[in-house]
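# Structural features, examined
Next come the chains, spelled out residue by residue.
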Amino acid sequence: MKKFSQRHLLGIKDLTRDDIELVFETADNFKAIINRPIKKVPSLRDITVANIFFENSTRTRISFELAQKRLSADIVNFSASSSSVSKGETLIDTVKNILSMKVDMVVMRHPAPGACIFLAKHIDAQIINAGDGTHEHPTQALLDAYSIRERLGSVKGKKVVIVGDILHSRVALSNIYCLQKLGAEVMVCGPTTLIPKYIESLGVKVEHDLMKALQWCDVANMLRIQLERQDIKYFPSLREYSMLYGVNKYRLDSLDKEIVIMHPGPVNRGVEITSEVADSKNAIILDQVENGVATRMAVMYLLAGQQA
Ligand code: CP
């Protein structure tokens, strides 16, 4: 029987291609289950999971919670804004206090890159990274690649361009690792100021002309401009960004082929993509959200299996 190689899910960088394929095969089974009238399985019945979010989230948080409920886990939810963190408690103390209530697994989102790696070195529970600053967002990359596999039959050999704010994006880095491990070709596209200099050393192509990038790719993953992480101005205005790097129907219709449009959310309609594109048949944005539940069920199921 195949086994997941990691005790935690801290980043895609740590995973093997076999790990990722095992997540997908397991997610296929869970996707079938959650589309049945009886959606719940007892797989995590004796497991307690703490969802610890130090940053805002809609999709990831709801998706993990739903995945845990479908697996019959016990859940505690913690949000920094309503906790004693605001009174000066440290990350380690906060988590140790939660763990002393006998928690087996921690799903954590934190603004500091590497926060989950730090935590995994200091506590016994299994850690799942739900996004750590500008570092990694591994379950987003897994659900993204799973959604490409579902739409196009496989990831191997596909050309994927990631467009936009690569510099501040944890989604971009996790996607690059995941897609390359699965045999896809990856390009990044955006203004020079939002493409980090090290990115070419990861073996990705760089393109600053959006139309050339769209003509090259099978899939365009459109990233949100993360104004909350931008301490300086990286481009003159959102209007100008949208004119140069936004995907609209005119641009899609100018291509000599159909491409798949993805977005991790939250979407800034009218900035990185127009509403017409977001709601078009090219877009698989809601499939990504749906697949998030099955892939997160698969990750937690595989990690819990290592406790046995
Ligand atoms: N894709 C994503 O991480 O969305 P949230 O910030 O809403 O969780």
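Preceding block: the structure.
Now for a description of the structure that goes with this document.

So, how was this worked out
- Residues numbered from 1 in each chain as written.
- Predicted model: local features only at pLDDT ≥ 70, side-chain atom pairs only at ≥ 80, totals over all residues.
- Heavy atoms only, no water.
- Salt bridge = Lys/Arg side-chain N within 4 Å of Asp/Glu carboxyl O.
- Helix = DSSP H or I, 4+ residues; strand = E, 2+ residues; numbered from the N terminus.
- Buried < 20%, exposed > 50% of the residue type's maximum accessible area, 1.4 Å probe, protein only.
- Core = buried A, V, L, I, M, F, W, Y, C linked by side-chain atoms within 4.5 Å.
- Domains from an automatic or database assignment.
- Contact = heavy atoms within 4.5 Å.
- Right-handed = clockwise from strand over helix to strand, strands pointing away.
- Pairing = 2+ DSSP bridges.
- Expected span 1.5 Å × (residues − 1).
- Axes fitted to C-alpha atoms, helices over the stretch in contact; angles between N-to-C directions.

### Focus: the pattern of salt bridges
- This structure, assessed with the given rule, holds eleven salt bridges.
- Of the charged contacts, one joins Lys31 and Glu150 as a salt bridge, the two residues approaching to 2.6 Å between their closest N and O atoms. Taken together, the positions of Lys31 in helix H1 (residues 17-34) and Glu150 in helix H5 (residues 138-152) put the pair 119 residues apart, joining distant regions of the chain.
- For Lys31, a relative accessible area of 15% translates into the label buried.
- Here Arg269 and Asp279 are joined by a salt bridge, their closest N and O atoms 3.0 Å apart.

### Description of the nonpolar core
- Membership of the largest hydrophobic core comes to 62 residues, with the highest contact counts inside it found for Ile128 and Leu142.
- In terms of residue count, the dominant contributor to this core is helix H11 (residues 285-304) (nine residues).
- Three or more residues apiece are contributed to this core by two domains, here domain 1 (12-137 + 291-304) and domain 2 (138-288).
- The residues contacting Ile128, other than those within four sequence positions of it, are Leu9, Phe64, Met105, Val106, Val107, Met108, Thr139, Val299, Met300 and Leu303.

### A few points about the pairing of strand E6 (residues 185-189)
- Within E6, four of the five residues are buried, leaving the element largely enclosed by the surrounding structure.
- In this fold, the crossover linking strand E5 (residues 159-163) to E6 by way of helix H6 (residues 170-181) has right-handed handedness.
- Pairing of E6 with strand E7 (residues 205-207) involves three bridges; the strand directions are parallel. Bridge assignment links Met187 to a residue of E7, and that residue is Lys205.

### Some words on H5
- For H5, built from 15 residues, the straight-helix expectation of 21 Å at 1.5 Å per residue is met to within 8% by its first-to-last C-alpha distance of 21 Å.
- Counting buried positions along H5 yields eleven of 15 residues, so the element is predominantly enclosed.
- Residues of H5 that are buried: Pro138, Thr139, Gln140, Ala141, Leu142, Leu143, Asp144, Ala145, Tyr146, Ser147 and Ile148.
- Gly153 lies just past H5 and shows a positive phi near 90 degrees.

### Here's the deal with the sheet that holds E5
- Read across the open sheet, the five strands follow the order E7-E6-E5-E8-E9; overall the sheet is parallel. Of all strands in the sheet, those bounded by a partner on one side alone are E7 and strand E9 (260-262). Strand-to-strand, the axes of this sheet are offset by a mean angle of 25 degrees, without reference to chain direction.
- Where E5 meets E6, five bridges bridge the pair, whose relative direction is parallel. Bridge pairing in E6 places Val163 opposite Cys189.

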